[in-house]
Structure formats: C-alpha cells, structure tokens
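Inside the fold
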Amino acid sequence: MAERDDPETIGRRVQQLRRERGMTQKQLAEPAYTPAYISTLEAGRVRPSDEALRHLSERLGVAFDELATGRPAHLATTLRLRLTDAQRTLATGEAEVAAEQYAALLAEAETHGLDAERAAAQLGLGECALDVGDLAAARRHFERAEKSLADAPLPSRVPALRGRAVSHYLAGELRYACYLLESTLDELNRSGLHDPDALLLLYASAIGPYMDMGAHARAAQAAEFALALAPQVGDPALVARMHRSVARTLLAEGRVAEADASLAKAAELYRQLQIRTELANCHWMRGYLYAQNGELERAEHELREALAMLAEKRAALYSSQVAVELADVLHRRGKSEEAAELLHGVLGDIGPERGAVHSAAAHRLLGIIAEDARDTEAAEEHYVRALSVLERAGAAGDLADLCRLLGDLLRRTGRVEAALDAYRTGLGHRTAPGTTTLGPAPAQPPL
C-alpha cells in the first residue's frame, strides 16, 4: 500500500466530505475531538493520527483507506478481481483482448499508487506481448514489472525475470538468456527458496536456449527437472475459477480480507496456467531428443502434441518454432511436400529478430528440400539467408553444419574456392572454445 496523502490533501478531503454530508465541524469532532482540532486539520496544519482518521472515517461513513489515500473503498480488491479476469482471458488464448484489460488496470493502479497491482498488470502485458511476438514491447513490460517488484522476495520476481530472459532468447540473444535463467536458478536453489512454480518456469524456459546453443545434455537435464516438478503444480483452471467466484461473493458481502485471500489464490493459479506453455516445451524437447536418436515416429508424436498445446493457447511464435522442428521430422520420414508447406506457412511469423534460430532452421530445411528437387539456385538462396541469421544469433553448432551444406553445394556446382571458404568458416565455429558451454550447470533443485 502507498503512503497516505499529505496533511493538506487529507484536510481538503475531510472538509469536502463533511460539507457533502451537511455536518458542522462540531458534529464531526464529537465526542473525542474539538471543533478547533477539525478546523486545524481541514486547513492542513496538522497530520492526523491513525486514531483520528478512524474516528473521522466512522463519522463520515467512508473507509479508513479512502480517507487517508483518496482511493475508492475496496479499490485494491476490485482491481485484483479484474486482474484475475485478465489472466483468465490470456490463459484462453485471447492475448489482444487481455492486453486491453491489463492496460486499463495498469493506468488505474498507477493513478492510485497500488504497486503490487501495477506490477501484476505490467507482467500480464509482457506475457501478452510474448504471445503475439512483440519482443521489444514484452521486454519493456517485464523490465518495468521487475523494477516494481525490486523489494519483493525472489520467487515473486521470477515470472518477470523469466519473461525478460525469454524475450532475449526469442530475439536471438541466447547466451544472455541463459545467463539470466541460470543465475536466477542458482540463487533460488542455493538459498533454499524451493518454489516449485518458479523452478518449473525457469527450467522449462532454459530448454530452448540450451538446445539452440548445442548444450543438449543440459537441455535434457532441464527438461527432466521440469517434468519432475510439474506434479507439484497440477492443472489449476477449475480451482482458479472457483476461487474467483467465491471472491466475488465475499466482496459483495463486504468481507474484503477473505475476498482478497481468495483472489490471491485465483491469481496464482491463473499465473500457473502459463505453465501449459512450459509443459509444451517439455514435449518439444522430448520430440527433439527422439528425432536426434532416429526415433522419428515418436518424435513426430511428441512434436504434434507440443504444437497442439501451443495452438490451443494461440502462442503464435512458439507454435511456429515447433512447426519448424516438426517439418524436419516429416522431411526425414519422406513427407517433404508436407514439410515444405508447413515451413512456408510459418516463415512470416519468424525472422532474424523473432525466433532467429528457427527462422534459420526453416531456410536450411527449405534449402535441403530444394537441393533434393535439383533447384540449386533456390537452395543456395535459403542457405545464405540461414547463414546470415545464425551468425547474428551466435548459434555455433548450427552454423558449422550449415557451412558444410553450403560448401557441399558450392563444390558440386564447380565453385571450389567459395566452397573452401564456407568449409573454413564452419570449422572455425566448430572448434571455437566456449561456444556450447556456459560454465557450471545450475544447482539441482531439492526435488
């Protein structure tokens, strides 16, 4: 709660409320105070004590907080109820509608100095921006939410930290995303702040950047930890709806403290609904591992499961990334036409600054499919575009493989010197120290 207003503002508010009710200073003062004290208070020349404000609020028929801060009665509780509504809207996949709700809530929270509600609205706006792929806006919202929560315990700040890391990752800044996630995990685990929700969010969010940097063992470990933590979280939708309904009833009965408690539970559960996206990432990781192991049928099943979960949430950017990996499996299973159709369908949703690694992977696979069809000109164009994106993102393992593909193509078309340059570039990335290692792995959670 923000501090109360200055004495002059409170004095004017008391005077206005007294006059609206047709009361004299003597009537307001009795029986505990004098008319002279009320006159001095209304002039702003004395700072009223809590005891005096409670007396005045009872005589004027308003809530203590409303008299001290100017906020309408039960405003914070009402805002929290609307926040859970916005979280529910986002959880059902209507990110643009949810963003409008969060923006209105943010403006109101800022007007009345409600810090916790302001941070929750900023966090919601960041999640909305992530869902629609506006990464720059998402990062700004998460940074503001983190700043608003600067004095809160670390588990409370994890959703904002995780959101910021994901926005950097999706923009192609892989190492920085890993640094943010790993340093937060270390702080949580080493300090004994065992919070299953926070840990699951962080481990599941680390899977993508680990995979793209070639740190496959670390990605597999993160997926294992995330799946082990998931049963401690569960599916919260039904319980959240119940708490939200109960809160409305309690608020209508004037039982504000109980309504607040019920709303806090609902808000936490709706926040956990974002975990459906994170669990889709785990299916995604398993699909990737099966594909690497040559178990293509199982890989296709896991990737389709991940894609269905993400499409249900209308998470366009994540869906596009999974679609690229599914296309690779389809191509390897001899379904190149379906794979190419899938890739062309998502290229508009990803690019150098929006899902960079998967944008490059899409061009790489389209290049391979073009080569299979003996269209060397189209293949070279796709390889070069992929190379440009990967160099910017610093995805070393993928760069080495792509340079080999491009070198082979150039050699087959008689451009030996250009092919040698491509091979040398690939070897440089393959042997560069530190490209796929990030220092010691984060501490293991106390599962």
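Residues numbered from 1 in each chain as written. Predicted model: local features only at pLDDT ≥ 70, side-chain atom pairs only at ≥ 80, totals over all residues. Heavy atoms only, no water.

With that settled, consider the packing of helix α10 (residues 154-170) against helix α12 (residues 196-212). It is at 10 Å that the axes of α10 and α12 come closest, and there the two elements cross at 10 degrees. Regarding the angle of α10 to α12, the classification is roughly parallel. Between α10 and α12, the residues in contact are V158, R162, V166 and Y169 and A198, L201, L202, S205, G208, P209 and D212, respectively. In the contact of α10 with α12, the residues fall into seven nonpolar, two polar and two charged. (Axes fitted to C-alpha atoms, helices over the stretch in contact; angles between N-to-C directions. Helix = DSSP H or I, 4+ residues; strand = E, 2+ residues; numbered from the N terminus. Parallel < 35°, antiparallel > 145°, perpendicular 65-115°, else oblique. Contact = heavy atoms within 4.5 Å. Nonpolar A, V, L, I, M, F, W, Y, C, P; charged D, E, K, R; others polar.)

Here the focus is the nonpolar core. Counting residues in hydrophobic clusters, the biggest one holds 95 residues, and the most contacted among them are L130, L170, Y203, L343 and Y383. The element that contributes the greatest number of residues to this core is α12, accounting for 10 residues. Beyond its immediate stretch of four places on either side in the chain, L130 contacts L135, A138, F142, R162, G163, V166, S167, L170 and Y318. One finds L79, A86, L106 and L114 within the second-largest nonpolar core, a separate group that totals 15 residues. (Core = buried A, V, L, I, M, F, W, Y, C linked by side-chain atoms within 4.5 Å. Buried < 20%, exposed > 50% of the residue type's maximum accessible area, 1.4 Å probe, protein only.)

All right, on to the packing of helix α19 (residues 336-346) against helix α20 (residues 356-372) then. Between two packed helices, the angle of one axis relative to the other and the distance separating the axes together describe the packing. One way to put it is that α19 packs onto α20 with a least axis distance of 10 Å and a crossing angle of 145 degrees. Judged by the sense of rotation from one axis to the other, the crossing of α19 with α20 is left-handed. Listed contacts from α20 to S336, A339, A340, L343 and H344 of α19 are A362, L365, L366 and I369. (Left-handed = near helix turned anticlockwise from the far one by under 90°.)

A rise of 1.5 Å per residue sets the reference length of helix α21 (residues 376-393), with its 18 residues, at 26 Å; its end C-alpha atoms lie 26 Å apart and thus fit the reference within 8%. Regarding α21, the residues found buried are A379, H382, Y383, A386, L387, V389, L390 and A393. (Expected span 1.5 Å × (residues − 1).)

Here we take up the side chain of S319. As for its placement among the helices and strands, S319 is situated in helix α18 (residues 316-332). Apart from residues no more than four positions distant in its own chain, S319 is found in contact with L307, L310 and A311.

Keep in mind these values describe shape, not function.
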